[in-house]
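Single-letter residue listing:
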Amino acid sequence: MNLSVSSLSSASQPAVDRDQGEMRRRGLKRFWLAFPSYAAVLALLCLGTYLGSVKGGVAALITVYTVLSLGLIYLALHMGWAVRTQDPMLAFTQSSFSIALVAIGYALLDDLRSTALLWLCVIVVFDLWRLPRQQVRLAMALCLVLPMLATASRHYWHPVPLNWFHELFTLLILAVVLPVLYAVSGQARAARSRHARQKQQMAETLERLHELSIRDGLTGLFNRRHMLSLLDDEARRSRRSGRPFTVALLDLDLFKRVNDVHGHAVGDQVLKAFAQIAQQVLPGSADMLARWGGEEFLLLQAETSNDQALADLHRLREACHAHDWSPCAPGLSVTFSAGICQHARQDQVDHTLELADRALYAAKAEGRDRVNVHGELASTPDGAARACRRANLAPASATPLLSNARTWTDLVIDDLDEKVPPLNEQPAHGWRHRLLNMLCGSNQKLRPAMALCMLSLCVYLASIAGFVLYVMPSGLLTYEQGMGFVAHNVLAIVVPFALLRSGVTVKWRDPSFVMVQVLWGGTGVIIGYGMMPSTSPSTLQMICLSLVFGFTSLRPTQTVWIGRYYLVMMLGVLLVRALSDVPGFMPRRESLEVAMTCMVLWILTLQSTRLSDIRQKVREEKRQLIEATERVSQVMVRDPLTGLFNRQYMQVLLDRECVRHQRSGKSFSVALIDLDYFKAINDTLGHAVGDEVLIGFAQAARNHLRDSDVLCRWGGEEFLVLLVGADPGVNGVMAMARMRDALAARELGLSDVGLTVTFSAGVAEHLPDEPIARTLQRADEALYAAKAAGRDRCELAA
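Report on the accompanying structure.

1. Observations regarding the overall build of the protein chain
Inference 1: If you tally the helices and strands in the protein chain, you get 25 helices and 12 strands.
Inference 2: Scored against the burial criterion, the 798 residues of the protein chain give a buried share of 51%.
Inference 3: Taking the intrachain contacts of the protein chain between residues at least 6 apart in sequence as the baseline, contacts between residues at least 24 apart amount to 75%.
Inference 4: If you sum the accessible surface of the protein chain, you get close to 37400 Å²; carbon and sulfur atoms cover 59% of it.

This is how it looks when you write it as structure tokens:
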């Protein structure tokens, strides 16, 4: 037991080391992404010290604190100490350090004090989304509490008395801005979560699509198309290395009789049971076993001689003899015949398959239930072997419809249903859902825009309160100027809500017209900053908020242009104030303030552009996921050769039609069709011609059936027609007769091998309260009667 535990721990240790290494790498990447921002801040502090706007001692203190903290964080990440803590990337540690740095700057700086709080926008919107929710709440509390403590500490040590009304107004604006920034940060978290979730869903869907494309839906073995590619790979490897491989074709003896006597459900069980026996007997070669078509299988064994392959197949014969087949049908016994051929190094794969096929044919001619090796036969009948042409024949899309057994395809469908949630899944109906439903009605497209509208409402109401309660009473603006800004904010509230609620913008290129709102709000706030420089701590916060407000809806190019517009406006305001000789204008202080603000705005623009790119990727990946899901659906419901519905999907339609029959009393019929002498076509002309015949029949049948009738490939050369509204079953017989007459004058197959193909059919009308399995069995019995009566005819089931 101790040895087992030790071995398990040793086996899991590399995975743990890989996870720790990945966390260390991500933590260092995050550190170096943030490092240029810290360096730019320290550079501006040095510039401010040189210009006399920042005290040297303050700049030195902030620089020492920043360098030491960043050095310790880097050392912990680089040495791998952090990966053994609860914060392996030190994300919360770095966020807390940044918030503390903002508070220190807000307490100690004089001329650049108004720009310190700007960095909270960067931290909250683009940093906190990586943290768990509990740490996010703690960080948000620090963002509010630390600036309050900084203000209180400044009151005790700063020689100039504080304007408490102004300080409280700044903190109140901060208290309004932070929740809005937190909500916007939630949009960033949601966008990245959707991106990660859709990438995982895409990978899972593509993996399942790949599995569906290479696996047989009934047995779970490789299909013929994939086995052909495996044969090509093995042939190339054999030419390079000179090592041989063998190919064996296996055919279940008298399998058509099993279908005719016991029904297709029993035939499906036999095929699945044989595949399971083969996988148990040939564990080393089971992955190279494929369903070649119908009741045929192909076994590819690398680096194996004829003698080894012969011994393996004899063991498989003995296992089939010993297997109890009575659960499939009483008294049933199943045997197989096989032909083996060793691939010659310079030979073509097609020729090897043809030789194996000749050996198989000889085994059947000698009495079946035997294995023959090519080259050890006394004689081989000329012209009797089938030409194994390399056509893209996929196995019949058969699934067990009349049994309770689960197929590999069923398991894949269940797995997809469990792991890939619907793309249009709606959130639970909470109070937010009811509020949005009341505000914007049933228009789902406008709900994100209305949510932004509600956030902007809170900000604009706070701004109006600030103008009415602080700006105008303090004399910072005249009454007319203040009311102009109030009207500007009222328009920003009323117009977007009215347009969105009316639905006028639904057909616009930008239904939310977020870009217009961001430009309108940002322009007003920047003008306000130019007219009220004393309120810069508040107005600069509003400028940053208005910039990041639209990143959840704007395209990357729009985000860049808006960022440039804000920078130009800020520089324009500085230029206007410098040229207009405004009283109290301080060039050095305001130039540094604008420079710091422009740096923050540009960082916000770059980060917003990244998130806009992620949102674009989310949309593109959603489209790709929908397309991949549709491809999976097509693989699941369509036969790859004929393009008709496959047997599995037809079963779903039959079950639905039974329910409809019980409710409405409207009857329906099923017609089971079998192409006459189709096996002879494959045997004498090859599978390529047989494929063309199947495709041609499917096209002809669709052209002569009603739009309401549903045609599917039932398996091999058999087709099933769901005749909706065929009342009674005699009408179904008449429909089959018309289609039979139409096909009699049509040639099917390749252009140089025209064939006139006939078919036999059995029609059964579904009876009230009759299981669909019984209806299909009656149709199968009628088909068997039609074949026994001479073929090329249609019979009605009793």
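Next comes the rest of the description.
2. Examining the pairing of strand 6 (residues 668-675)
Two faces make up the sheet, and in a regular strand the side chains alternate between them.
Inference 1: Within strand 6, 8 of the 8 residues are buried, which leaves it mostly tucked inside the rest of the structure.
Inference 2: Residues Phe668, Val670, Leu672 and Asp674 line one face of strand 6 and the alternating positions Ser669, Ala671, Ile673 and Leu675 line the opposite face, and both faces are buried.
Inference 3: Sheet topology note: the strand 6/strand 8 (residues 718-724) ladder contains 7 bridges and is antiparallel. When the sheet's bridge partners are listed, alanine 671 is paired in strand 8 with valine 721.
Inference 4: Pairing of strand 6 with strand 11 (residues 759-765) involves 7 bridges; the strand directions are antiparallel. Residue pairing across strands places aspartate 674 opposite serine 760, the latter belonging to strand 11.

3. Concerning the nonpolar core
Inference 1: Of all hydrophobic cores here, the largest spans 103 residues; its most connected members are Trp119 and Met570.
Inference 2: For methionine 570, the residues in contact, after removing those within four places along its chain, are Ile526, Tyr529, Leu540, Ile543, Val594, Thr597, Cys598 and Leu601.

4. Description of the packing of aromatic side chains
Inference 1: What the rule picks out here adds up to 16 aromatic pairs.
Inference 2: Ring centres 6.2 Å apart and planes at 35 degrees place the aromatic pair phenylalanine 31 and phenylalanine 35 in the tilted group. Of this pair, phenylalanine 31 and phenylalanine 35 both sit in helix 1 (residues 2-51), 4 residues apart, which is roughly one turn of that helix.
Inference 3: When its relative accessible area of 4% is taken as the criterion, phenylalanine 31 is described as buried.

5. So, the side chain of threonine 535
Inference 1: Structurally, threonine 535 can be placed in the loop between helix 17 (514-531) and helix 18 (536-548).
Inference 2: Look past the residues within four positions of threonine 535 in its chain and what remains in contact with it is His166, Tyr470 and Leu476.

6. Points about the sheet that holds strand 12 (residues 794-796)
Inference 1: Reading across from one edge, 7-8-6-11-12 is the order of the 5 strands in this open sheet, with mixed pairing throughout. Of all the strands in the sheet, the pair left with one neighbour each is strand 7 (710-715) and strand 12. Strand-to-strand, the axes of this sheet are offset by a mean angle of 20 degrees, without reference to chain direction.

7. As for the side chain of glutamate 718
Inference 1: Mapped onto the fold, glutamate 718 is located in strand 8.
Inference 2: With no salt bridge to any partner, buried glutamate 718 finds its closest opposite charge in lysine 256, at an N-O distance of 5.1 Å.
Inference 3: Those residues in contact with glutamate 718 that sit more than four places away from it in its chain are His264, Ile673, Asp674, Arg713 and Leu783.

8. Considering the sheet that holds strand 5 (residues 371-373)
Inference 1: The strand order across the open sheet formed by 5 strands is 2-3-1-4-5, and the pairing between neighbours is mixed. Each end of this open sheet is capped by a strand with a single partner; those strands are strand 2 (289-293) and strand 5. Shown here is a sheet whose adjacent strand axes are inclined to one another by a mean of 20 degrees, direction ignored.
Inference 2: Two elements, strand 4 (residues 336-342) and strand 5, share 3 bridges in a ladder whose sense is parallel. Considered in strand 5, the bridge of glycine 339 is made with asparagine 372.
Inference 3: Together, strand 1 (245-252), strand 2, strand 3 (296-302), strand 4 and strand 5 form the strand contacts of helix 12 (residues 349-365), whose direction differs from that of strand 4 by roughly 145 degrees.

9. Overview of the pattern of salt bridges
Inference 1: The final tally for this structure, using the stated rule, is 28 salt bridges.
Inference 2: Between glutamate 593 and arginine 589 there is a salt bridge, with the nearest N and O atoms lying 3.6 Å from each other. With glutamate 593 and arginine 589 both in helix 20 (residues 587-637) and 4 residues apart, this pair spans about one turn of that helix.
Inference 3: For glutamate 593, a relative accessible area of 1% corresponds to the buried category.
Inference 4: The partner of arginine 740 in a salt bridge is aspartate 792, and the shortest N-O contact between them spans 3.5 Å. Taken as a pair, arginine 740 in helix 24 (residues 729-744) and aspartate 792 in the loop between helix 25 (772-788) and strand 12 lie far apart in primary sequence, 52 residues in all.

10. Structural notes on the packing of helix 7 (residues 164-214) against helix 20
Inference 1: With their axes 9 Å apart at the nearest point, helix 7 and helix 20 run at an angle of 25 degrees to one another. In terms of orientation, helix 7 lies roughly parallel with respect to helix 20. Here helix 7 runs over helix 20; the crossing is left-handed.

11. Some details on a nonpolar patch on the surface
Inference 1: On the surface, Val490, Leu491, Val494, Val495 and Trp520 cluster together to form a nonpolar patch covering roughly 410 Å² of accessible area.
Inference 2: Top element by residues in the nonpolar patch is helix 16 (residues 479-502). It accounts for 4 residues.

12. A few points about the pairing of strand 3
Inference 1: For strand 3, a buried count of 6 out of 7 residues is recorded, marking the element as mostly surrounded by other parts of the structure.
Inference 2: When strand 1 meets strand 3, the two strands line up antiparallel, connected through 7 bridges. Residue pairing in the sheet places leucine 249 in a bridge with leucine 298 of strand 3.
Inference 3: In the sheet, strand 2 pairs with strand 3 via 4 bridges, with the strands oriented antiparallel. Bridge pairing links arginine 291 to phenylalanine 297 in strand 3.
Inference 4: Taking the residues that link successive antiparallel strands as the turn, the strand 2-strand 3 hairpin has 2 residues, and the phi of glycine 294 there is positive, at about 60 degrees.

13. A word on helix 21 (residues 647-664)
Inference 1: The terminal C-alpha atoms of helix 21, which comprises 18 residues, lie 25 Å apart, in line with the 26 Å expected from a rise of 1.5 Å per residue.
Inference 2: Inspection of helix 21 places Arg647, Gln648, Met650, Gln651, Leu653, Leu654, Glu657, Cys658 and His661 among the buried residues, and these make up the whole buried set.
Inference 3: Near the N-terminus of helix 21, the side chain that reaches the backbone nitrogen of tyrosine 649, with its oxygen 2.9 Å away, is that of asparagine 646.

14. Here's the deal with the environment of glutamine 651
Inference 1: With respect to the helices, strands and loops of the structure, glutamine 651 is situated in helix 21.
Inference 2: Judged by its relative accessible area of 10%, glutamine 651 is buried.
Inference 3: For the pair glutamine 651 and alanine 773, spaced 122 residues apart in sequence, the C-alpha to C-alpha distance is 9.7 Å.

15. As for the environment of serine 664
Inference 1: On the secondary structure map, serine 664 appears in helix 21.
Inference 2: A polar atom in the side chain of serine 664 sits 2.8 Å from the backbone oxygen of arginine 660.
Inference 3: Here the side chain of serine 664 touches lysine 666 through a polar contact of 3.3 Å, landing on its backbone nitrogen.

About the criteria used
- Numbering of residues starts from 1 in every chain and runs along the sequence as written.
- Given that this is a predicted model, residues contribute local features only at a pLDDT of at least 70 and side-chain atom pairs are listed and counted only at 80 or more, while totals for whole chains, interfaces and linings are drawn from all residues.
- Remark: hydrogens and water are excluded; side-chain values derive from all non-hydrogen atoms of the structure.
- Helix and strand labels come from DSSP, where a helix needs a run of H or I of at least four residues and a strand needs a run of E of at least two; each type is numbered from the N terminus.
- Partly exposed describes any residue whose relative accessible area lies between the buried limit of under 20% and the exposed limit of over 50%, with all areas from a 1.4 Å probe on protein chains only and scaled to the type maximum.
- Throughout, a contact is declared for two residues whenever any of their heavy atoms are within 4.5 Å.
- Using a 1.4 Å probe, accessible areas were evaluated by the Shrake-Rupley method; residue-level cover was limited to the displayed protein chains.
- Strand pairing is defined by DSSP finding a minimum of two bridges between the two strands.
- We define a nonpolar core as any set of buried Ala, Val, Leu, Ile, Met, Phe, Trp, Tyr and Cys residues linked to one another through side-chain atoms lying within 4.5 Å.
- Ring geometry is summarised as follows: Phe, Tyr and Trp rings, the Trp one being its six-membered ring, pair when their centres sit within 6.5 Å, and such pairs are stacked at plane angles under 30 degrees, edge-to-face over 60 and tilted between the two.
- For every element, the axis is a line fit to its C-alpha atoms; helices are fit only across the contacting stretch, and the angle between N-to-C directions ranges from 0 to 180 degrees.
- Positive charges come from Lys and Arg, negative ones from Asp and Glu, while His and the chain ends are left out of the count.
- Whenever Lys or Arg places a side-chain nitrogen within 4 Å of a carboxyl oxygen from Asp or Glu, that contact is recorded as a salt bridge.
- What sets the label is the angle itself: under 35 degrees gives roughly parallel, over 145 gives roughly antiparallel, 65 to 115 gives roughly perpendicular, and the rest give oblique.
- Here is the rule for handedness: rotate from the far helix to the near one, and if that takes an anticlockwise turn smaller than a right angle the crossing is left-handed, while a clockwise turn gives right-handed.
- Like-charged residues within 9 Å of one another, or nonpolar side chains (Val, Leu, Ile, Met, Phe, Trp, Tyr) within 5 Å, are grouped into patches, provided each residue has over 30% relative accessible area and no salt bridge.
- To estimate the expected span of a helix, count its residues, drop one, and scale the result by 1.5 Å.
- Here a polar contact is recorded for every N or O atom pair within 3.5 Å, except that within protein the pair must consist of a potential hydrogen donor and a potential acceptor, and residues adjacent in sequence are included only if both atoms are side-chain atoms.

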